Amino acid sequence: MSSEQTFIVAGASLAGATAAEALRAEGYDGRLLLIGAESARPYERPPLSKEYLRGEAGRDKVYVHGEDFYAEDDIELRLGTTATGLDVTGRRLTLDDGDELRFDRLLLATGAEPRRLSIPGAALDGVLYLRSVEDSDALRERLDRGGSLVVVGAGWIGAEVAASARQRGLDVSVIDPLSVPLERVLGAEVGAIYRDIHTDHGVKMLLGTGVAAFEGTTAVERVRTSDGRTLDCDFVVVGVGVQPRTALAAQGGVYVGDGIVVDEYLQTSKPGVFAAGDVAMAHHPLYGRGIRVEHWANALHQGPVAARNMLGRSDQFDRVPYFFSDQYEVGMEYAGYAPAWDRVVFRGDPASREFITFWLVDDRVVAGMNVGVWDVTDQIQNLIRARATVDDRRLADTDVPLEDLAPATETGVA
Ligand SMILES: Cc1cc2nc3c(=O)[nH]c(=O)nc-3n(C[C@H](O)[C@H](O)[C@H](O)COP(=O)(O)OP(=O)(O)OC[C@H]3O[C@@H](n4cnc5c(N)ncnc54)[C@H](O)[C@@H]3O)c2cc1C
């Protein structure tokens, strides 16, 4: 097919690895390089705050592919190697080992990295972040020692780390300036359910206050909140969001906003250069605007779409955004995209922790979350895609099948 060509994927994680796999599956037989800054072969991050962190699953459970996969598929996996320079006009990528590679197509799958705090004491030992498998190993070692943990930030990572640490028997406090955990995505009403889940499991929730400083001699010993309280601790995990890793793209003159801006085909502003996963701000046909999704399913599915388009296809990425979270015994899945809504409808009793929440705008479902209720993602995504007006009472009525509320569509399921 294209044996004279060279395709490069920069970023060897979920989006990059699934793109490389798809290129070969689609018949690409030219040179294929997968460049990864980390030393581990591509792995999935969700277990790092859950079963892997708690020591219930080993490394073999997190890898995207088996050890021999890359060699067998003739994918040149260059680990521990960072792409540092991009010349789009000359079609060259420079690596930190001095190598310079010519490419015909390039996929930027450089992901995201944790936002760092720059408050007094931020550099003390024991102030930890969680993104990589090494971060999770370091955190697990702390959990093994026991003691007390302060989690800064009650977003997904903070909430999952708090749950895992409680499951390992540590004393856990969570601090967040918002009024409930996960408020930005779920809103105050649904976030309160998660607050109660954590307090029921013995987490001390300090909400509506920020962190002013970490205090200690060489290692963190205390956290001072912005409303003047102090909390003694043995270590801290900061989970205050991530930012897309756009430096390489920007250096190459690729258009960057909140992420690398791509169209619905995951093509950047530069022909032949694509982006996928956490780093991509992709125009979404369903929403008519660019959105950047920092979740597993997005990376898993965008990689192969980018791969097919690198081969000259015109595949749109139009999946309904989807993610999942596990905290204690409470599992959930969320589908949709809801930066704003005018009301929330519950189907089932939230107190039972087996229910579905719908977020609505103008009588249409824009997002849905099933907690402890399974095999409903297709129906929820169909409701979102259909944009049909729904009646609140029927939506809330567990006797009315979800299928009856919206016609089935073909695509978009996680
Ligand atoms: C602890 C944790 C738990 C999570 N749990 C969930 C969950 O329960 N549900 C869910 O839906 N999502 C979850 N996520 C989010 C999910 O893991 C991410 O959306 C997914 O990892 C994104 O994949 P990616 O390939 O786009 O980017 P990343 O995973 O960020 O990978 C990008 C890779 O590119 C490399 N790289 C960056 N720059 C360069 C360069 N210049 N040269 C070479 N390599 C480079 C990086 O080192 C990295 O390995 C979780 C994330 C974390 C950290």
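Right above here is the structure, for reference.
Residues numbered from 1 in each chain as written. Predicted model: local features only at pLDDT ≥ 70, side-chain atom pairs only at ≥ 80, totals over all residues. Heavy atoms only, no water.

Chemist: Go over the sheet that holds strand S12 (residues 204-207), please, and point to the residues and values.
Modeler: Here five strands make up an open sheet; going across it, the order is S9-S16-S10-S11-S12 and the pairing parallel. In this open sheet, the two edge strands, each paired with only one partner strand, are strand S9 (127-128) and S12. Where strand S10 (residues 148-152) meets strand S16 (residues 235-238), four bridges bridge the pair, whose relative direction is parallel. What sits directly across from Leu 149, in S16, is Phe 235. Against the sheet, helix H3 (residues 133-145) makes contact with S9 and S16, and its axis sits at roughly 145° relative to S16, the strand it touches most. (Pairing = 2+ DSSP bridges. Helix = DSSP H or I, 4+ residues; strand = E, 2+ residues; numbered from the N terminus. Contact = heavy atoms within 4.5 Å. Axes fitted to C-alpha atoms, helices over the stretch in contact; angles between N-to-C directions.)

Chemist: An account of the pattern of salt bridges is requested, with residue identities and associated values reported.
Modeler: As enumerated under the stated definition, the model contains 31 salt bridges in all. Ionic pairing is found between Arg 222 and Glu 221, a salt bridge with its closest N-O pair at 3.8 Å. Two residues, Arg 292 and Asp 258, come together in a salt bridge whose shortest N-O distance is 3.4 Å. Of this pair, Arg 292 sits in the loop between strand S22 (289-291) and helix H7 (296-310) while Asp 258 sits in the loop between strand S18 (256-257) and strand S19 (259-262), placing them 34 residues apart in sequence. Judged by relative accessible area, Arg 292 falls into the buried class, the value being 15%. (Salt bridge = Lys/Arg side-chain N within 4 Å of Asp/Glu carboxyl O. Buried < 20%, exposed > 50% of the residue type's maximum accessible area, 1.4 Å probe, protein only.)

Chemist: Tell me about H7, and name the residues and values.
Modeler: Its 15 residues place the ends of H7 21 Å apart at the C-alpha level, agreeing with the 21 Å of an ideal helix rising 1.5 Å per residue. Most of H7 is tucked away, with 13 of its 15 residues classed as buried. Phi turns positive one or two residues past the end of H7, at Gly 312, with a value near 100°. (Expected span 1.5 Å × (residues − 1).)

Chemist: Can you lay out the packing of helix H1 (residues 14-25) against H7 for me, pointing to particular residues and giving the numbers?
Modeler: Interhelical geometry of H1 versus H7 gives an angle of 40° and a closest axis separation of 7 Å. Here H1 runs over H7; the crossing is right-handed. For the pair formed by H1 and H7, the contact residues are Leu 14, Ala 15, Thr 18, Ala 19, Ala 22 and Leu 23 on the first element and Trp 296, Ala 299, Leu 300, Gly 303, Pro 304, Ala 307 and Met 310 on the second. Across the contact of H1 with H7, the residue classes break down as 11 nonpolar, two polar and no charged. (Left-handed = near helix turned anticlockwise from the far one by under 90°. Nonpolar A, V, L, I, M, F, W, Y, C, P; charged D, E, K, R; others polar.)

Chemist: I'd love a proper account of unusual backbone geometry, names of residues and values included.
Modeler: Trans is the common state for peptide bonds, and a negative phi is the common state for residues other than glycine. Notably, Asp 74 is not glycine yet its phi reads approximately 55°, a positive angle. Tracing the sequence through the fold places Asp 74 in the loop between helix H2 (69-72) and strand S3 (76-78).

Chemist: Tell me what's going on with the site of the ligand, and back it up with residues and numbers.
Modeler: Taken together, 34 residues lie around the ligand, and Glu 38, Arg 45, Lys 50, Arg 131 and Asp 278 are the ones closest in. In this structure, Asp 278 approaches the ligand through a side-chain N or O atom, which is 2.7 Å from an oxygen atom. Protein coverage of the free-state accessible area of the ligand, which is 1000 Å², stands at 95%. The set of elements that each furnish at least two residues to the shell around the ligand consists of H1, helix H4 (156-167), H7 and strand S23 (322-327). Each residue belonging to the shell around the ligand can be placed in one class, and the counts come to 16 nonpolar, 10 polar and eight charged. (Near = heavy atom within 4 Å. Polar contact = N/O pair within 3.5 Å; in protein donor to acceptor, adjacent residues only side chain to side chain. Areas by Shrake-Rupley, 256 points an atom, 1.4 Å probe, with all protein chains shown as cover.)

Chemist: Let's hear about helix H5 (residues 183-200): which residues, and what values?
Modeler: Helix length check: H5 (18 residues) gives 18 Å between terminal C-alpha atoms against 26 Å at 1.5 Å per residue, more than 12% under. At Glu 189, H5 shows its largest bend, some 90°. Residues of H5 that are buried include every one of Leu 186, Gly 187, Val 190, Gly 191, Ala 192, Ile 193, Tyr 194, Ile 197 and His 198, and no others. Gly 202 sits one or two positions beyond H5 and adopts a positive phi of about 90°. (Bend = angle between axes of the 7 residues up to and from the residue.)

Chemist: Break down the pairing of strand S11 (residues 171-176) for me, with residues and values.
Modeler: In terms of burial, S11 is a largely internal element, five of the six residues being buried. As judged from the five bridges shared by S10 and S11, these two strands associate in the parallel manner. Bridged to Val 150 within S11 is Ser 173. Two strands pair when backbone bridges link them, and S11 and S12 are joined in this way by four bridges, in the parallel orientation. Residue pairing in the sheet places Ser 173 in a bridge with Lys 204 of S12.

Chemist: Tell me about the environment of Leu 395, residues and numbers included.
Modeler: If you trace the backbone, Leu 395 turns up in helix H9 (residues 392-396). On the accessibility criterion, Leu 395 (0% relative accessible area) is buried. Note: C-alpha distance between Leu 395 and Phe 69 (326 residues apart in sequence) is 46 Å. Each residue touching Leu 395, except ones within four places of it in the same chain, is listed here: Val 345, Arg 347, Phe 358, Leu 360, Val 365, Leu 383, Val 390 and Leu 405.

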